[in-house]
Amino acid sequence: MNTANKLLFLPLGGSGEIGMNLNLYCCNGKWLMVDCGISFADERAPGIDVIVPDASFIAEHKENLLGLIVTHAHEDHVGAVARLWKDFLCPVYCSPFTSEILHYKLSEEGILDLVDVNVVAPGSSLQLGDFHLDFVDLTHSIPEMQALLITTPYGKVMHSGDWKLDPDPVVGPVSDMDRMEDVTSGDVLAMICDSTNVFKHGVSGSEGDVKDSLDELLGRLKTGRVAVTTFASNIARVSAIAKIAEKHDRHVVLVGRSLIRMTEAAKKSGYLSDLPSFLKEQDAGYLPKEKMLLLCTGSQGEPRGAMARIAREDHPHVTLDKGDTVIFSSKVIPGNEKALFGLHNELTENGINVITESDEFVHVSGHPAREELERMYEIVKPQIAVPVHGEARHLSEHCNLALSLGVPIAIEIRNGDVLQLAPGAPEIIDRVPSGRLAVDAGGTTSLDGDFLSTRRKMIFNGSASAHLTISYDGKITKPPEVRLRGVVEEGNFPSLHKDLQDTIIKAHYDLSAKNRQQDLEVEKAASQAIRRFFRKLAGRRPITDVYVSREIEKEARAEG
């Protein structure tokens, strides 16, 4: 791909999906990366927790990679940096709070001393090659979200990151729209913009309003323990809950490692300094129920999150009893419904009161609704709209919105599309490899590769193995040994093993005399017979392994 004398945009994550953001800009052959995040696995990746983008393209061009800019500290923007940095070996630039979160991640990966992390003050500027970067404060559900105005010889690009226009964000400043208007100056070539809430009319809502609602709600809960679970990264929500708890004479107990880590990073960055001290989960048992507020991880029903462990009575320090209350101060992320509703039911069956956003006003989104998007387009006035951070339907609707607002060109893009922004009319000129990699023990593996395909087949179809003992002249000398795992309920088929042995033996003797002497041919015939047997019996296709042992010839045994 020729990258000389061009301005290109290339997403490798976050376009056609929500999460796992990784975006690349190229100017005159030099690349700039913006964000490097993770996604979380679902049932398609059994035994896998974390998904990272396939960044092999930029790894192959790392000698031309000027640096990585991290817009904010959410997992879907920063979570893959520590896991993938060795593929890039480039400097990293981020805000003070984001650098604290990244510090933890790099330490866990054992590469803290290797990575050149440069702390950039919010609202400042930076020059990297032909890229001049102006950082702009925008509110989000985490401190120090920085939009990027990227100025190049070919024009300006506004990269929004995740944002909203919150008039009362509780923690941190309001969105700096004066600076946004100043740096864009009505002369922006393209805006690469968040699409998450494009279907939501009006505005996303304010953290200040949620604080008032939670205050009123907690005032009604006079007895029993109160547990609140929210996203650990929502420092504004943490601050609001802590102040409300103090007002209602409750002590906040932090339950969950990510909450502890986030609050520590916030305090190191100058946030949460006006709050009473948090208590450790080990101290929860010493407080009267009505004096306690448990602030917990696990708002999405994660099996290893604190709230799920508490519901299972599997937490070493924290319990909930009949009459206690759990407030889910978070939205349901698509894909998490089954786990989360299962957790709600488990708590309810234990006599615990469950309150969600469908019951009370306990959550607002961190992403812009349509009125906020309209306001941003009114200020930035881009010639080209390129929606990102959304599934296909979000990107399509965002394009329609941009065109309706008078933007001349709107382009739907997907991971791997190479979009030439300038010179000339914008167009997708190429595609590069992209995709999703599962993080497993020892490294990463393709979601579509043999490893996870085999694991999925084992879960849904089980496994079957057989051991055949063959004589020197190709005869089976004893009944095949067969072992099954999760294929069928064996007790329902009394003659199962005998029938399966007969099937294997028949398949063996259907081979020619020559092929009965070839182990690979014997294994292949037996494997096919086993799979045909279970496909006919139960519609299953188990993972099948066959092992062959050869008896030595009579003469060799005699000589021995």
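Given the structure is predicted, the values throughout are model-derived calculations rather than measurements.

Caption draft 1: The arrangement of helix 3 (residues 81-88) in detail. For helix 3, every residue scored as buried is listed here: V81, A82, L84, W85 and F88. Here the buried residues of helix 3 occupy an arc of 165° about the axis, which is enough to place them on one side. Of the residues flanking the end of helix 3, it is L89, one or two places downstream, whose phi is positive at about 55°.

Caption draft 2: Local environment of the sheet that holds strand 16 (residues 279-280). If you walk across this open sheet you meet the six strands as 16-15-17-14-18-19, and the pairing is parallel. Looking at the sheet topology across the chains shown, the edges are occupied by strand 16 and strand 19 (353-355). Taken strand by strand, helix 7 (residues 235-247) contacts strand 14 (226-229), strand 15 (251-255) and strand 17 (292-296), and its axis lies near 170° from that of strand 17. Those strands touched by helix 8 (residues 257-268) are strand 15 and strand 17, and its axis lies near 115° from that of strand 15.

Caption draft 3: Geometry of the packing of aromatic side chains. As enumerated under the stated definition, the model contains four aromatic pairs in all. Judged by centre distance (5.5 Å) and plane angle (80°), the rings of W31 and F57 are edge-to-face. Separated by 26 residues along the polypeptide, W31 in strand 3 (residues 30-34) and F57 in helix 1 (residues 56-60) bring together distant segments of the chain. Both rings, one in F533 and one in F534, keep their centres 5.1 Å apart while their planes meet at 85°; by these two values the pair is edge-to-face. In this pair, the class of F533 matches that of F534, namely buried.

Caption draft 4: The arrangement of the side chain of Q146 in detail. Along the chain, Q146 falls in strand 11 (residues 146-152). Classification of Q146 as buried rests on a relative accessible area of 3%. Ignoring anything within four residues of it in the chain, the contact list for Q146 reads T71, P122, G123, F135, V136 and D137.

Caption draft 5: Spotlight on the sheet that holds strand 11. Read from one edge to the other, the open sheet built from seven strands follows the order 9-10-11-12-13-20-21, with strand pairing classed as mixed. Here the strands that pair on one side only, and so sit at the sheet edges, are strand 9 (125-128) and strand 21 (409-410). In this sheet, strand 21 lies alongside strand 20 (residues 382-388) in parallel orientation, the contact comprising two bridges. Bridge pairing links I384 to I409 in strand 21. Helix 5 (residues 177-184) rests against strand 9, strand 10 (131-137), strand 11, strand 12 (155-159) and strand 13 (188-194) of the sheet, and its axis sits at about 160° to strand 10. Packed onto the sheet, helix 12 (residues 392-404) meets strand 13, strand 20 and strand 21 and runs at close to 160° relative to strand 20.

Caption draft 6: Geometry of the environment of G486. Residue position: G486 is located in the loop between strand 27 (481-485) and helix 14 (496-509). Residues G486 and V318, spaced 168 residues apart in sequence, show a C-alpha to C-alpha distance of 36 Å. Beyond its immediate stretch of four places on either side in the chain, G486 contacts N461, G462 and R540.

Caption draft 7: Quick look at the pattern of salt bridges. In total, this model carries 25 salt bridges according to the counting rule given. Measuring nitrogen to oxygen at the nearest pair gives 2.4 Å for the salt bridge that ties E75 to K105. With a gap of 30 residues between them, E75 in helix 2 (residues 75-78) and K105 in helix 4 (residues 96-109) connect regions that are remote in the sequence. On the accessibility criterion, E75 (27% relative accessible area) is partly exposed. Two residues, E108 and R257, come together in a salt bridge whose shortest N-O distance is 3.8 Å. On the criterion of sequence distance, the pair formed by E108 in helix 4 and R257 in helix 8 is long-range, its members being 149 residues apart. The class for R257 is exposed, based on a relative accessible area of 61%. It is possible to trace a salt-bridge network through shared partners that takes in R225, K289, D321 and D324.

Caption draft 8: Spatial organisation of the packing of helix 3 against helix 4. It is at 9 Å that the axes of helix 3 and helix 4 come closest, and there the two elements cross at 70°. Overall, the two elements helix 3 and helix 4 adopt an arrangement that is roughly perpendicular. Taking contact as the criterion, the partners of V81, A82 and R83 in helix 3 are, on helix 4, L102, K105, L106 and E109. For the contact of helix 3 with helix 4, the per-class residue count stands at four nonpolar, no polar and three charged.

Thresholds applied
- Residues numbered from 1 in each chain as written.
- Predicted model: local features only at pLDDT ≥ 70, side-chain atom pairs only at ≥ 80, totals over all residues.
- Heavy atoms only, no water.
- Buried < 20%, exposed > 50% of the residue type's maximum accessible area, 1.4 Å probe, protein only.
- Helix = DSSP H or I, 4+ residues; strand = E, 2+ residues; numbered from the N terminus.
- Arc of directions from axis to C-beta.
- Pairing = 2+ DSSP bridges.
- Contact = heavy atoms within 4.5 Å.
- Axes fitted to C-alpha atoms, helices over the stretch in contact; angles between N-to-C directions.
- Phe/Tyr/Trp six-rings, centres within 6.5 Å; stacked < 30°, edge-to-face > 60°.
- Salt bridge = Lys/Arg side-chain N within 4 Å of Asp/Glu carboxyl O.
- Parallel < 35°, antiparallel > 145°, perpendicular 65-115°, else oblique.
- Nonpolar A, V, L, I, M, F, W, Y, C, P; charged D, E, K, R; others polar.

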